[in-house]
Structure formats: structure tokens, C-alpha cells
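The residues making up each chain are set out below.
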Amino acid sequence: MIKLELKDVSLDYADGDAVFRALDRVSFAVARGEFVSLIGSSGCGKSTTLNILAGLKPPSSGQLLIDGLKSVGTGKNRGVVFQHYSLFPWLTARQNITLGLRQLGGQSSRELSAIAGRYLDRVGLTGFEDKYPYQLSGGMQQRVAIARVLALRPEILLMDEPFGAVDAKNKIILQDLLLELLDGDEDRKTVIFVTHDVNEAILLSDRVLFMRNKRIEEDIAIDLPRPRKREDIYNTKAFGIYYKKIMVKFYQAVKENIGDDVVL
Amino acid sequence: MKALKNAAGAAHIKWKALIFKALPHLMFIALLLLISSPSLVELKVRGAFAAVAVMIELALLCNWRSRSAHDLVMMVFAFLIVWEVVTTKIPNPNKMLFPPPENVFAIYYTDWKKIISGIFSSLFLLAYGAGLAFVSGIVLGLTVGWHERLRQALFPVAKVISPIPPIIYTPYAVALLPSFKIASIFVIFSSIFWYLFLNMIISVATIDKKLLDSARSLNISPWGLMRHILFPYCLPGIFKTLPISMANAFMVLTAAEMIGATSGLGWFVKYYSDFSDFTRVVAGIVLIGLVVSVIGALLARLDKLVIRWR
Ligand SMILES: Nc1ncnc2c1ncn2[C@@H]1O[C@H](COP(=O)(O)OP(=O)(O)OP(=O)(O)O)[C@@H](O)[C@H]1O
Ligand SMILES: [Mg+2]
């Protein structure tokens, strides 16, 4: 069953008199409960794709379908973790989470506060509940943002490099937490996950979409059994094969040296 | 030998610091001696001035750790000593224009009823006008700043009106409006409102796009957006303009009182200027300075209390 689908979606920005195409006729469908990673070099259009899925940017052409229906604007069925931490500086870690929860309605503020505390605990931030963002490190702020979206329990999780600014140790903890939360849920969430980390993409995903030059270039299915455990996955032969396959795509991109914003 | 010399040097520095620390207290004693010594001009009451000096000294003793309090008190005492000496210890060129501090501070004792009612009538008008200006400035600023079309229509209007100094139309407002109260509330209101309104529009319109996306992704309601995102985002800016706004408001209020009032601090100064009673004029000016400073200090404290996220 298809949960969400992009149909021939493009996004153009006005650039003076010219137009700049930030996304070029992208189409893909994601099944319910599927975990799909977007991978690709900087500027290839990953964040743009995610913003369109979130309903934060209307596509210039094409359609976003959710549960088969055309979707416009943001919705409670989707939760977003942004590439740049986007906590509200005037709210404490806990308040940042309850503000989102309150929009769902139906619970007393004490209950909301307790839920927020529980999710902060899960991302390893016990004792930091009442700290303001400026009192937290970048990685800690990102963990609050993750706790915020997890607490909302949306049907669809949209995550833009959520572990990009997190140190290696906490990255492992958070990846395992995400696996555990998703695998443990009988009503599996649908996740679109942007990352630069090839290991991470394979470990977490059912499919990896390789993007290049504002388009999707290859759709790589990751056929590894679930529930997944890092130790089991890393040692399989399949893992090495997938890793090589994706790295070859990057290597080709370097060799052909076309398209994406070139980093010197 | 060398060690001894070093010790002597250290002791020397220590002495210097100690004298510096004691300086305001020595000045306090000097001031009391000056007050009690004979004066060239006739003094009515000396007690009020002495009491003020004692109060300043006590305030310093309560804040004896604070370097800035130490320096400030030193400056105040220096000023009072010069004032005292110039007006009472050397031949005073014009007793009417240069009233001795004893007589000035005695006014607070003899005229206290008039002064208290003056402070209250001024502060009442100030609270009224400023309250109206803040509530409407914030609500309208948020709304207009947020709605593109309203902003484009009203921003130029605010930009033209806000730089007109309200003191310019204060006399006209007093003449035009039916009562002095309404006129002064109006000028206080306009001295704060336009500047605040303009600032709110600009800061709402330039809010960080990432924060807005973050708020939108939480499906926040339009009211929630105003209350939980835009308002707190603008709050530090509001506090930043607050001291200037309040000083401006006080300026137009006192100006209005000088024209049309029958009570209030501005009226007090103006009324006695007309009689050339400069002792009371100086007392009124000092008092206005004090009231403005106290309001400023309270606002600064409120700022620290409210803006805890730096
Ligand atoms: N607001 C904007 N106006 C104009 N061009 C934009 C805007 N936002 C993004 N772009 C352009 O769109 C393209 C895709 O950007 P996008 O943010 O999706 O890249 P990305 O794949 O997320 O890169 P990264 O890995 O660095 O985050 C880039 O070439 C970028 O310069
Ligand atoms: Mg990006």
C-alpha cells in the first residue's frame, strides 16, 4: 500500500530573470511502513525533496500524494526534523516538545510535560529538561528536535540529516533507538531519511534513493531482514555489497564531474 | 633584602587600594562636616540634605562589594561637595540662581504633599499612555508585520509618522483635545506607539525562516504562532527599545504638563520657574531625574527576569 508519492515534481526558484531548477522531475513512491533514505552529494536536492514532502514548499509542477490524495501544506500526519536545529530559543527543551504536542490537543499540560520528559529520557537528555537551547551543545539540540518529532508520533517521519551533528557514540545510540522504535512498533512508521552516511543509510533503510543533479538516479533496495541489529548487519556479505554499490555511484559522480555544486 | 623591598611594594599597593576603597566614606564624612560648618548664606533646614547624604552612604554600605556602586557614590558625593562649597562656603554670586543644596533638599520635606501628588499624577498618565501604546503596538505590530498586504499598506505610513518628534505637536494636542488628561495620554501614546509599531513590523517580517518552517511543521495555529513564536521572538527587541521609549514618553509628558496641567512633576518645575523660585525648580529637576532613573532600573530588572534565554 502506497503511503506517499511524488509525481513528476519539479521546483524552480526565480534567479533574477532566469529560473533556477532546484528539483527536476522527481517521482517515487513510498510504501506504508517503509524506510527510505535519500543520499547524494551536497546541493543535489535532498532537503528540497524533504521540504516538499513536508508541505513547506509547494512544488512548481507535479504532485504530492499522501494516502492517494493530493496534499497541500503541512499536516499532522507528518513530523519533521530539520537539517539545522530548529528549536525555539525562548523555550526550554521540555517546552519545545510540549508546544508541538499541544497542537494535537486532548491532553492536560501535566500529561504533555510527562510525555516530553519520557522522550527526552529516551534520547539521553535526562536532567536537561529545563535547559534553554543556548545551554545545550549542537548535538544535544538536535537530540531535542528528534525527541520532539518522536513524541508527536506522526504516521510519516521526515528527517533531514538528523544525526549529522551528533558525535559517533551518540549517533550509534540514536540509530539503535530509531531502529528499536520503528521495529518495535506493530504499526510501523513511514520514514524518509536524508543522510550523507552510507553505513547509516544501509543499516536503517529498506531502500536507498541515490540523488544526483536534482534528480533521482538510482533506486537501491536493501534486502536485509528486520528486526535489525547493528552487529548482525555489519558482518553480512550483503552489507559490503550494498556499501560498494553506493560508493561506486559517488565515485562515478566524481569521475564524470558534472552536475551538483562542485566542492573544491 | 630584595624580598623585603617586594613586601614593602606589595604593602604600598595594598595601602593604595585601601585608601581608594575608603574614599567615598571619607567624602561622606567631609560632606557632613561641611553641612554642619557655618555657611555664608542663610539656610532654612540642614537636616534634609544631611539625611540624603546618610541615605546614599547607607546604600553604599549595603552594596559595599559592588565596584560600580563605589564609583557612582564617589561621583555623587564629589558633586554634592562641590555644590555645597560653591553655594555656601564661598561668596555666592547669585543666591537665587544657585540655591544651596540644604534648601533644595528641604523642599522635599516642606512640599512633600505636592511632590507626592505630582509623582502620582505624572506616573498615572505615563502608565495609562504607555500601557495603551504597548498593548496596541504589540498586537497591531504582530498582525501587520505578519500579513504581507497590511504590511505593504501600513509600513510606509508608520515610516513617515514615527520620526516626527511628538514633542513638536504636544502644544497643539493640548490645545486641540478636550482635556489635559486626554492630551497627555495621547502624546505619551504616540511617543511610544509609532516607534514600537515600526520595530515590531520589521522584526516580524525578518524572522528567521528556519524557525517559521519549524513552527509550520508543528501545525501551529495562527493564534499559537503569534503567541508562542512571533511574540517571544520580538520580545528582546521590545525590551531593547523600552528605556528610550520611556524616556521619550516622560519627556513629552513633562512638556505637556508645563503647558496645560495643574499638577505633576513638569507642572511643578514650570510653576515655580514663573515665580523665579529656583530652589523649587532645582528640587523638581533632581526629582524628575530620580524618577526616570528608578523607572529605567526597574525596566532593566524586568528585562533580566523575562528574557531568560539570552
Ligand atoms: N531558497 C533557495 N533559493 C534558491 N536556490 C535554492 C534555495 N534553497 C536551495 N536552493 C538550491 O537548490 C539546490 C538543492 O538544494 P538542497 O538544499 O535541496 O540541497 P541538499 O541536497 O539538501 O544539500 P546538502 O547535502 O548540502 O544539505 C541547491 O543547488 C541550492 O543551491
Ligand atoms: Mg540539505
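Note that the structure is a prediction, hence the values are computed from the model and not measured. (Residues numbered from 1 in each chain as written. Chains lettered and ligands numbered in written order. Predicted model: local features only at pLDDT ≥ 70, side-chain atom pairs only at ≥ 80, totals over all residues. Heavy atoms only, no water.)

## A short note on the site of ligand 1
All names here are of chain A.
Move 1: Around ligand 1, a shell composed of 15 residues is seen, among which Ser42, Gly43, Lys46, Ser47 and Thr48 lie nearest.
Move 2: Between an oxygen atom of ligand 1 and a side-chain N or O atom of serine 42, the distance comes to 2.6 Å.
Move 3: Between ligand 1 and the protein, one listed contact pairs an oxygen atom with a side-chain N or O atom of glutamine 83 at 2.9 Å.
Move 4: Contributing elements (two or more residues each) for the shell around ligand 1: strand 2 (18–31) and helix 1 (46–54). (Near = heavy atom within 4 Å. Polar contact = N/O pair within 3.5 Å; in protein donor to acceptor, adjacent residues only side chain to side chain. Helix = DSSP H or I, 4+ residues; strand = E, 2+ residues; numbered from the N terminus.)

## Here's the deal with the packing of aromatic side chains
Move 1: Under the defined criterion, the tally for this structure stands at 22 aromatic pairs over all chains.
Move 2: Between tyrosine 234 of chain A and phenylalanine 239 of chain A the ring centres are 5.1 Å apart and the planes differ by 65°, which places this aromatic pair in the edge-to-face class.
Move 3: Note on phenylalanine 79 of chain B and tryptophan 83 of chain B: the rings are 5.8 Å apart at their centroids and 50° apart in plane angle, and the pair reads as tilted. Here tryptophan 83 of chain B and phenylalanine 79 of chain B lie together in helix 3 (residues 67–89), a separation of four residues that amounts to about one turn. (Phe/Tyr/Trp six-rings, centres within 6.5 Å; stacked < 30°, edge-to-face > 60°.)

## What to know about the coordination of the magnesium ion (ligand 2)
Residues and elements named next belong to chain A.
Move 1: At the metal site, the magnesium ion (ligand 2) is ligated by Ser47 (OG) and Gln83 (OE1), and these contacts range over 1.9 to 2.3 Å. Placement of serine 47 in helix 1 and of glutamine 83 in the loop between strand 6 (78–81) and helix 2 (93–102) is noted, with a sequence separation of 36 residues between them.
Move 2: With relative accessibility at 29%, the residue glutamine 83 sits in the partly exposed group. (Donors = N, O, S within 2.8 Å, 3.2 Å for Na, K, Ca; no water. Buried < 20%, exposed > 50% of the residue type's maximum accessible area, 1.4 Å probe, protein only.)

## Here's the deal with the side chain of glutamine 142 of chain A
All names here are of chain A.
Move 1: Here glutamine 142 is to be found in helix 4 (residues 138–152).
Move 2: Separated by 3.3 Å, the side chain of glutamine 142 and the backbone oxygen of proline 162 make a polar contact.
Move 3: If near-sequence neighbours (up to four positions away) are discounted, glutamine 142 is found in contact with Val81, Phe82, Gln83, Tyr85, Glu161, Pro162 and Val166. (Contact = heavy atoms within 4.5 Å.)

## Description of the pattern of salt bridges
One side chain can pair with another of opposite charge once the charged atoms of both are near each other.
All names here are of chain A.
Move 1: The final tally for this structure, using the stated rule, is 28 salt bridges over all chains.
Move 2: Linking glutamate 180 and arginine 122 is a salt bridge whose minimum nitrogen-to-oxygen distance equals 3.1 Å. Placement of glutamate 180 in helix 5 (residues 168–183) and of arginine 122 in helix 3 (residues 109–122) is noted, with a sequence separation of 58 residues between them.
Move 3: For glutamate 180, a relative accessible area of 49% gives the class partly exposed.
Move 4: With relative accessibility at 37%, the residue arginine 122 sits in the partly exposed group. (Salt bridge = Lys/Arg side-chain N within 4 Å of Asp/Glu carboxyl O.)

## Notes on the pairing of strand 2 of chain A
If a strand is regular, its side chains alternate between the two faces of the sheet.
Residues and elements named next belong to chain A.
Move 1: Judged from the 10 bridges that link them, strand 1 (residues 2–15) and strand 2 form a sheet pairing that is antiparallel. When the sheet's bridge partners are listed, leucine 6 is paired in strand 2 with phenylalanine 28.
Move 2: What sits between the antiparallel neighbours strand 1 and strand 2 is a turn of two residues, in which glycine 16 has the positive phi angle 70°. (Pairing = 2+ DSSP bridges.)

## Describing the interface of chain B and chain A
Move 1: With 18 residues of chain B at the contact, the number on the chain A side is 22 residues.
Move 2: Three residues, Leu218, Asn219 and Trp309 of chain B, lead the burial of chain B against chain A; their summed loss comes to 32% of the area buried on that side.
Move 3: Across the chain B-chain A interface, the total number found is zero salt bridges.
Move 4: At the boundary of chain B and chain A, one finds eight residue pairs in polar contact (both at pLDDT 80 or more).
Move 5: Among the elements of the structure, helix 9 (209–217) and helix 10 (222–260) of chain B are those that each provide at least two residues to the side of chain B that touches chain A. (Buried area = accessible area lost by both parts, 1.4 Å probe.)

## A look at the nonpolar core
In summary, soluble globular proteins display a tendency toward joint burial of nonpolar side chains.
Move 1: With 139 residues, the main nonpolar core has Phe88 and Leu178 of chain A together with Phe77 and Ile229 of chain B as its most contacted residues.
Move 2: Examining the composition of this core, we find that 15 residues originate from one element, helix 10 of chain B, more than from any other.
Move 3: Split by domain, the residues of this core number at least three in each of domain 1 (2–109) and domain 2 (112–306) of chain B.
Move 4: If we ignore the near neighbours within four places in the chain, the residues touching leucine 178 of chain A are Phe35, Leu150, Met159, Phe163, Phe193 and Leu204 of chain A.
Move 5: Counting residues in hydrophobic clusters, the runner-up holds 26 residues, among them Val36, Ile52, Ala54 and Leu209 of chain A. (Core = buried A, V, L, I, M, F, W, Y, C linked by side-chain atoms within 4.5 Å. Domains from an automatic or database assignment.)

## Some remarks on helix 10 of chain B
Working note: α-helix, 3.6 residues per turn, so residues spaced by three or four point in the same direction.
Move 1: The end-to-end C-alpha distance of helix 10 of chain B, which contains 39 residues, comes to just 45 Å, noticeably less than the 57 Å that a straight helix rising 1.5 Å per residue would cover.
Move 2: A bend of about 45° at phenylalanine 231 of chain B is the largest found in helix 10 of chain B, and the proline proline 232 of chain B appears one to four places after it. (Expected span 1.5 Å × (residues − 1). Bend = angle between axes of the 7 residues up to and from the residue.)

## Let's talk about the domain arrangement of chain B
Residue and element names in this part refer to chain B.
Move 1: Per the domain assignment, the segments making up chain B are domain 1 (2–109) and domain 2 (112–306).
Move 2: The C-alpha centroid of domain 2 is placed 36 Å from the C-alpha centroid of domain 1.
Move 3: Residue-level contacts link nine residues of domain 1 with 11 residues of domain 2.
Move 4: Summing both partners gives a buried area of about 950 Å² for domain 1 against domain 2, and 75% of it is carried by carbon and sulfur.
Move 5: Its largest share of buried area at the contact with domain 2, domain 1 owes to Met96, Ile107 and Tyr108, together 58% of the area lost on that side.
Move 6: Taken together, the connections running from domain 1 to domain 2 amount to zero salt bridges.
Move 7: Here the side of domain 1 that touches domain 2 gets five residues from one element, more than from any other, and that element is helix 4 (residues 101–110).

## Considering the sheet that holds strand 3 (residues 35–39) of chain A
All names here are of chain A.
Move 1: Here we have six strands laid out as an open sheet, ordered 6-7-8-3-9-10, and mixed in their pairing. Only two strands of the sheet have a single partner each, and these edge strands are strand 6 and strand 10 (215–221). Taken pair by pair, the neighbouring strands of this sheet meet at an average axis angle of 15°, ignoring direction.
Move 2: Strand direction decides the pairing type here: strand 3 and strand 9 (residues 207–212), joined by four bridges, are parallel. Along strand 9, the bridge assignment pairs valine 36 with arginine 207. (Axes fitted to C-alpha atoms, helices over the stretch in contact; angles between N-to-C directions.)

## Comments concerning the sheet that holds strand 2 of chain A
All names here are of chain A.
Move 1: Across the sheet, which stays open at both edges, the four strands sit in the order 2-1-4-5 with antiparallel pairing between neighbours. In this open sheet, the two strands that pair with only one neighbour each are strand 2 and strand 5 (69–70).
Move 2: Across the face of the sheet, helix 1 comes into contact with strand 1, strand 2 and strand 4 (61–66) while running at roughly 120° to strand 1.

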